[in-house]
Amino acid sequence: MMDAKAMGGQLSLPVTPLMVGKGSVETSGITMNVFLMSDDIMQAAEAMLKQAYHLENIDALDVAEGFLITYHYAHFTKPGRIAHRVLVCRDEAELPSISSIFQGADWHERECHDFHGVKFAGHPNLLPLLLDPETPNGVLLKDDKGRKPLREILNPGKIVFKGEGFTLFDEEQPDEAAPEE
């Protein structure tokens, strides 16, 4: 469990995030970036609802590491926006649906499925929303050359918590192409 003090005093979650970055409203509009495991997204959504946050939108970003799925939350009486971010493999792009928690998630999950092919397990109606039913899912997918590493396009803000083994935004990245000795 991650308490409000550990997350900059703004939020309490029943799960331990992979990383938390304090964002800048001036530069990104995001007060806090919370990176989560896909298995934790439903519990995190339930916690947001209990703390009177509402879901603004869900979007998908096709990056070198896979898909970054972002859940944007805001509060009617507290300033700032919270972003829950989940990185999923492109080959197994599936997350649990939060449409049973936030009714508005239905539309956003269908849109992510239409444009990127991301599946949302447990979604009650994952049919095409904006595209013709004959259009293949994933029309906004990039080719390998068009995908940039996430750390080049997303500033997570000042890191206030980082779980062991989470290296996505570390200065030194492991060299995957390094030959074995």
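Note: the structure precedes this text.
Residues numbered from 1 in each chain as written. Predicted model: local features only at pLDDT ≥ 70, side-chain atom pairs only at ≥ 80, totals over all residues. Heavy atoms only, no water.

Engineer: Honestly, the pairing of strand 1 (residues 19-22) in this entry has me stumped. Any pointers?
Structural biologist: Regular strands have side chains that alternate between both faces of the sheet. Alignment of strand 1 against strand 2 (residues 32-35), held across four bridges, turns out to be antiparallel. By the bridge assignment, Val-20 is partnered in strand 2 with Val-34. For strand 1 and strand 8 (residues 158-162), the ladder comprises four bridges, and the chain directions are antiparallel. Each bridged residue has a counterpart across the sheet, and for Lys-22 the counterpart in strand 8 is Lys-158. (Pairing = 2+ DSSP bridges. Helix = DSSP H or I, 4+ residues; strand = E, 2+ residues; numbered from the N terminus.)

Engineer: Honestly, the side chain of Asp-62 in this entry has me stumped. Any pointers?
Structural biologist: On the secondary structure map, Asp-62 appears in strand 3 (residues 53-63). For Asp-62, a relative accessible area of 2% puts it in the buried group. Among the polar contacts listed, one links the side chain of Asp-62 to the backbone nitrogen of Lys-142, at a separation of 2.7 Å. One polar contact links Asp-62 to Arg-147, side chain to side chain, over a distance of 2.7 Å. The contact partners of Asp-62, leaving out residues within four places of it in the chain, are Phe-67, Arg-90, His-116, Leu-140, Leu-141, Lys-142 and Arg-147. (Buried < 20%, exposed > 50% of the residue type's maximum accessible area, 1.4 Å probe, protein only. Polar contact = N/O pair within 3.5 Å; in protein donor to acceptor, adjacent residues only side chain to side chain. Contact = heavy atoms within 4.5 Å.)

Engineer: Explanation requested: the pairing of strand 4 (residues 66-75) in the structure shown.
Structural biologist: Judged by how many residues are buried, strand 4 sits mostly within the fold: 10 of 10 residues are covered. Both strand 3 and strand 4 contribute to a ladder of 10 bridges, which runs antiparallel. The partner of Asn-57 across the bridge, within strand 4, is His-72. Relative to strand 5 (residues 81-88), strand 4 is paired through eight bridges, and the arrangement is antiparallel. Note that in strand 5 the partner of His-72 across the bridge is Ala-83. Hairpin connection from strand 4 to strand 5: five residues lie between these consecutive antiparallel strands, with Gly-80 at a positive phi of about 100°.

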